[in-house]
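Structure at a glance
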Amino acid sequence: MARSAEVKGPEAIASFTSDLFKPREKDNGKKQYGVTLLWPKSTDLKALKDIAVSVMTEAWGDKAIQMFKDGLIKSPFLDGDGKQGQSKKSGERHKGYEGKTFIRCTSGGDYKPTVVDRKRNPVVSVEGIPSGSRVIPVVNAYTWDDPKNGKGVSFGISLLQVTH
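Quick look at the structure, then. (Residues numbered from 1 in each chain as written. Predicted model: local features only at pLDDT ≥ 70, side-chain atom pairs only at ≥ 80, totals over all residues. Heavy atoms only, no water.)

On to the overall build of the protein. In terms of helices and strands, the protein carries two helices and ten strands. Radius of gyration (C-alpha) of the protein: 16 Å, near the 15 Å computed for a compact globule of 164 residues. Dimensions along the principal axes, computed over C-alpha positions, put the protein at roughly 45 × 35 × 35 Å. The buried share of the protein, reckoned over its 164 residues, is 41%. Of all intrachain contacts in the protein linking residues separated by at least 6 positions in sequence, the fraction that spans at least 24 positions is 68%. (Helix = DSSP H or I, 4+ residues; strand = E, 2+ residues; numbered from the N terminus. Rg over C-alpha atoms; globule rule 2.2 N^0.38 Å. Buried < 20%, exposed > 50% of the residue type's maximum accessible area, 1.4 Å probe, protein only. Contact = heavy atoms within 4.5 Å.)

As structure tokens, then:
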């Protein structure tokens with residue numbers, strides 16, 4: 001598995017923010033903190049795309065770019081207008097996802113992300129960062145290879161600063 005250095009991303013809209021304070025238990029029993037970050041499709045995500053490409057090529061060599069283009073490596077960049085922007089339970093589109101690109105960011109159960117306000121004071125509950133809040137994220141990209149789900153790139157989250 002390859003992992004990038006941390007990168008400051010462009011201002012985003014945070015969704016599913018309760019997972020920043022209480023880790024969600026996965027099907028495999030492991031716990032993860034998380035948040036979903038959304039941007040208008042017109043947002044320049046070059047810095048995030050560059051680190052995704054970097055870890056892909058580190059993990060799978062020069063063939064990674066073609067594997068990605070062929071759909072053999074799952075992209076972390078999801079379409080709010082597509083199936084990924086819909087609730088798995090109800091099939092309804094998540095509120096605010098239309099016209100957006102989004103990524104799901106996680107952090108292991110032992111690595112709670114730091115959340116701060118504009119003045120860098122700690123935010124200790126979801127009331128300080130409700131879904132829909134604007135944030136500046138600090139993320140890293142990493143690769144994964146799963147016998148069931150194939151290969152992919154995902155993002156880890158270490159810091160969120162609430163801007164408003």
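Now that the structure has been shown, the text picks up again.
Following the criterion strictly, the structure yields five salt bridges and no others. Asp79 is the partner of Lys41 in a salt bridge, and the nearest nitrogen-oxygen pair spans 2.7 Å. Of this pair, Lys41 sits in the loop between β4 (31-40) and α1 (46-60) while Asp79 sits in strand β6 (residues 78-79), placing them 38 residues apart in sequence. The salt bridge involving Lys151 is made with Asp145; its shortest N-O contact spans 2.8 Å. Here Lys151 falls in the partly exposed class, since its relative accessible area comes to 21%. (Salt bridge = Lys/Arg side-chain N within 4 Å of Asp/Glu carboxyl O.)

What the rule picks out here adds up to two aromatic pairs. We note Lys49 situated over the ring of Phe77; from NZ or CZ to the ring centre the distance is 5.8 Å. (Phe/Tyr/Trp six-rings, centres within 6.5 Å; stacked < 30°, edge-to-face > 60°. Lys NZ or Arg CZ within 6 Å of the ring centre and 35° of its normal.)

So, on to the nonpolar core. Judged by nonpolar contacts, the single largest core of 33 residues is most densely connected at Leu37, Ile129 and Phe155. For this core, the secondary structure elements donating two or more residues are β2 (12-15), β4, α1, α2 (64-69), β7 (100-108), β9 (134-146) and β10 (150-162). By residue number, the principal contributor to this core is α1, which donates six residues. Among residues more than four places away in sequence, those in contact with Ile129 are Thr17, Leu20, Phe21, Val115, Val123, Val135, Leu160 and Val162. Ile13, Leu38, Tyr97 and Phe102 belong to the second largest nonpolar core, which has five residues in total. (Core = buried A, V, L, I, M, F, W, Y, C linked by side-chain atoms within 4.5 Å.)

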